Amino acid sequence: FKQKTAYEMLRSLVGSEMCIRDRLISAFATVSTLHDCVLHIAGDGRDVNAVRRQINRLGIEKKVILSGWLQGNALRKAYQEAHIFVLPSWSEGFPFVLYEAMEAGLPIITTEIRGMVDELEAGMNAVFIPPRNEEALAEAMYALLSDPQLRQVMGRNNLRKIREYEPQAIAADYLTKVKKICLRD
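A brief structural summary. (Residues numbered from 1 in each chain as written. Predicted model: local features only at pLDDT ≥ 70, side-chain atom pairs only at ≥ 80, totals over all residues. Heavy atoms only, no water.)

Examining the nonpolar core
Put simply, the test is: The criterion is simple. A nonpolar core is a set of buried Ala, Val, Leu, Ile, Met, Phe, Trp, Tyr and Cys residues joined through side-chain atoms within 4.5 Å. A simple rule labels every residue: compare its accessible area, found with a 1.4 Å probe on the protein chains alone, to the largest value its type can have, and call it buried under 20%, exposed over 50%, or partly exposed in between. Secondary structure elements are taken from DSSP: a helix is a run of H or I of four residues or more, a strand is a run of E of two residues or more, and numbering for both begins at the N terminus.
Ranked by internal contacts, the top residues of the largest apolar core, which has 25 residues, are Ile109, Leu137 and Met141. At the level of secondary structure, the elements contributing two or more residues to this core comprise α1 (16–32), β2 (37–44), α2 (48–57), β4 (84–87) and α6 (134–146). If you tally residues by element for this core, the top one is α6, at seven residues. Among the nonpolar cores identified, the runner-up in size contains 22 residues, and Ala42, Tyr79, Met102 and Ile162 belong to it.

Concerning the pairing of strand β3 (residues 64–68)
Which entries qualify depends on this criterion: A pair of strands is considered paired only if DSSP assigns at least 2 bridges between the two. For crossovers, right-handed means that the path from the first strand over the helix to the second runs clockwise, given strands pointing away from the viewer.
Here four bridges tie β2 to β3, and the two strands are oriented parallel to one another. The partner of Ile41 across the bridge, within β3, is Leu66. Since β2 and β3 lie parallel, the crossover through α2 that links them has a hand, and here it is right-handed.

What about empty space enclosed by the protein?
The condition is simple: Grid points spaced at 1 Å over the protein atoms alone were grouped into cavities, where a 1.4 Å probe fits but cannot get out, and pockets, open sets with protein on both sides within 12 Å along at least five of seven lines, with lining residues defined by an atom within 4 Å of a point. Grid points are joined across faces, edges and corners, and a volume is the space filled by probe spheres set on the points. As a working rule, the residues Ala, Val, Leu, Ile, Met, Phe, Trp, Tyr, Cys and Pro are called nonpolar, Asp, Glu, Lys and Arg charged, and the rest polar, with Gly in that last group.
Tallied over the entire structure, the rule returns one cavity of 30 Å³ or more. One number sums up the size of the largest cavity: a volume of about 60 Å³. Arg23, Pro88, Arg132, Asn133 and Leu137 are, among the 11 residues lining the largest cavity, the residues nearest its centre. Only α1 and α6 provide two or more residues apiece to the lining of the largest cavity. Residues belonging to the lining of the largest cavity are distributed by class as follows: six nonpolar, two polar and three charged.

Examining unusual backbone geometry
With phi around 65°, Arg132 is a residue other than glycine that occupies positive phi space. Relative to the helices and strands, Arg132 resides in the loop between β6 (126–129) and α6.

A closer look at helix α4 (residues 96–103)
The complete set of buried residues in α4 reads Val97, Leu98, Glu100, Ala101 and Met102. One or two positions beyond α4, positive phi appears at Gly105, with a value near 75°.

Some points on the side chain of His35
So the rule is basically this: Definition of a polar contact: a pair of N or O atoms within 3.5 Å, with one able to donate and the other able to accept a hydrogen when the atoms are protein atoms, and with sequence-neighbouring residues admitted only if both atoms are side-chain atoms.
As for its position among the elements, His35 is in the loop between α1 and β2. A distance of 2.7 Å separates a polar atom in the side chain of His35 from a polar atom in the side chain of Ser146.

Notes on the environment of Gly105
Spelled out, the test is: Any two residues whose heavy atoms approach within 4.5 Å are treated as being in contact.
Examined against the element boundaries, Gly105 turns out to sit in the loop between α4 and β5 (108–111). Between the alpha carbons of Gly105 and Asn158 there is a distance of 5.7 Å; along the sequence they are 53 residues apart. Apart from residues lying up to four places away in sequence, Gly105 is in contact with Gly155 and Leu159.

A look at the packing of α6 against helix α7 (residues 148–162)
The criterion, for reference: Convention adopted: a line fitted to C-alpha atoms gives each axis, helices being fitted over their contacting stretch, and angles between N-to-C directions are expressed from 0 to 180 degrees. Angles below 35 degrees are treated as roughly parallel, those above 145 as roughly antiparallel, those between 65 and 115 as roughly perpendicular, and all remaining angles as oblique.
Orientation of α6 relative to α7, taken along the N-to-C sense of each, is 95°, at an axis distance of 5 Å. Between α6 and α7, the interaxial angle falls into the category roughly perpendicular. In this structure, α6 uses Leu144, Leu145 and Ser146 to contact α7, whose residues at the interface are Pro148, Leu150, Arg151 and Met154. In terms of residue class, the contact of α6 with α7 is made up of five nonpolar, one polar and one charged.

Below you can see the structure in the form of C-alpha cells.
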C-alpha cells in the first residue's frame, strides 16, 4: 500500500503566499485525519519557519514534507510520487508548475480564477475551488484522494492536454490563424 501524496510546488513562501499555505496546511490537516496521506511542499522562502511552526502546531509534522527547492531529477521524482497536485493560488495567470503537473499526468486542484479556468476544464483536468475557501479545498483533496478512478481519468486528460502546448502545436495553430488573416485581405 502506497501512501497517497498531495503535492504542491511553490516557488517561495512570501507575502500573500503565506496565507495561501496556511489554508492549504490547515485543509490538509483535516484531510489527513481521514486518509493516510502526505503533503509534499517543495520550495523555499523567508516564511518557511512560520510554515514549520504551523505544521507542528497542527501535529502533522510526520505527514508533511518540506523538501526545499527542487529541480532536475529530484523534481521529476516528486511529481512521479504524487497522486494529486494542489495550487490554491488567489491571483496567478497560468503558472509553469501547472504545465509540469499536467506533463506528470496529475489531476489538479486549483482556484477558480482567470488563467486556470481559461485553460483547464472542471472535472476533466482540474477540480476548481473558490479562492480563500479552506473547507472547499479540504473537500476537493478528500474527493480526489478517495477516487483513484477519477484521479486516473483526470491524469490521462492532462497528459493529452499538455500536447496542446508543444511548440509544434502552437506553431501550427499560429500559422493557421495568420493564413486566415492574410486570406481575408
